[in-house]
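# Examining the three-dimensional arrangement
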Amino acid sequence: MINGKSILAMGALAVSLGLAGSPLFAADGPFTPSEKHELRNDRREVRQDRHEVRLDRKEKRGDRRELKGDRRELYRDRRELRRDIKSGASKEEIARDLNEIHQDRGEIASDRAELKSDVKELKGDKQERRQDRREFRRDVKDALKN
């Protein structure tokens, strides 16, 4: 009984290994040099796209930190303006504070625009990476069929 079960298990194992290995034998011969070159080039493109996406993410993080810092600075300048108004500071001091607030608002607007363009660029890079992956998979399938 035990021998029959072990023989049956070994037979099932052999059949599963045969079926699992069959895609490896689908290609009649090795890849041609042109197919190898094309696959290598596709891999390189995917790697470059991945690297670009990483860089874009880091850049986006830095832009967000910059935006956060500019918002803090705007908050401090507004608080300083309120203090100056309460304490009866000179018109020159108040004008300087208003000018600083205006500059901070401009910096925040430019940071937002930069962040928005970074998001668009990141989406484009991700889409390009997806396309390169698809192309790579298609080339591998074509190479295995031929």
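Before any of the text, the structure's been laid out above.
Residues numbered from 1 in each chain as written. Predicted model: local features only at pLDDT ≥ 70, side-chain atom pairs only at ≥ 80, totals over all residues. Heavy atoms only, no water.

### Topic: the overall build of the chain
When helices and strands are counted, the chain shows three helices and zero strands. Taken across its 146 residues, the chain has 21% of its residues classed as buried. Within the chain, contacts between residues at least 6 apart in sequence are counted, and of these 82% link residues at least 24 apart. Here the chain displays about 11,600 Å² of accessible surface, and carbon together with sulfur accounts for 54% of that area. (Helix = DSSP H or I, 4+ residues; strand = E, 2+ residues; numbered from the N terminus. Buried < 20%, exposed > 50% of the residue type's maximum accessible area, 1.4 Å probe, protein only. Contact = heavy atoms within 4.5 Å. Areas by Shrake-Rupley, 256 points an atom, 1.4 Å probe, with all protein chains shown as cover.)

### Side note on the nonpolar core
Among the nonpolar cores identified, the biggest contains six residues, and these are Leu67, Leu74, Leu81, Ile101, Ile108 and Leu115. Elements with a contribution of two residues or more to this core: helix H2 (33-87) and helix H3 (91-145). Residues contacting leucine 115, with those up to four places away along its chain left out, are Lys60, Asp63, Arg64 and Leu67. (Core = buried A, V, L, I, M, F, W, Y, C linked by side-chain atoms within 4.5 Å.)

### A closer look at a positive patch on the surface
Residues Lys36, Arg40, Arg43, Arg44, Arg47, Arg50, Arg54, Arg57, Lys58, Arg61 and Arg65 make up a contiguous surface patch of positive charge. Here arginine 43 falls in the partly exposed class, since its relative accessible area comes to 43%. (Patch = residues over 30% accessible without salt bridge, like charges linked within 9 Å, V, L, I, M, F, W, Y side chains within 5 Å. Salt bridge = Lys/Arg side-chain N within 4 Å of Asp/Glu carboxyl O. Lys, Arg positive; Asp, Glu negative; His and termini not counted. Charge placed at Lys NZ, Arg CZ, Asp CG, Glu CD.)

### Thoughts on the pattern of salt bridges
Working definition: two side chains of opposite charge can pair if their charged atoms are close together. In the structure shown here, the tally under the stated rule is one salt bridge. Its salt-bridge partner being arginine 96, residue glutamate 93 comes within 2.8 Å of it at the nearest N-O pair. On the criterion of helical spacing, the pair formed by glutamate 93 and arginine 96 is a turn pair, its members being three residues apart in helix H3.

### What to know about the side chain of aspartate 97
Relative to the assigned elements, aspartate 97 resides in helix H3. For the buried aspartate 97, no salt bridge is present, and the opposite-charge side chain at shortest range is arginine 96, 5.9 Å distant.

### What to know about the side chain of aspartate 118
By the element assignment, aspartate 118 lies in helix H3. Under the relative-accessibility criterion, aspartate 118 is labelled buried at 5%. The contacts of aspartate 118, once residues within four sequence positions are left out, are Glu59, Lys60 and Asp63.

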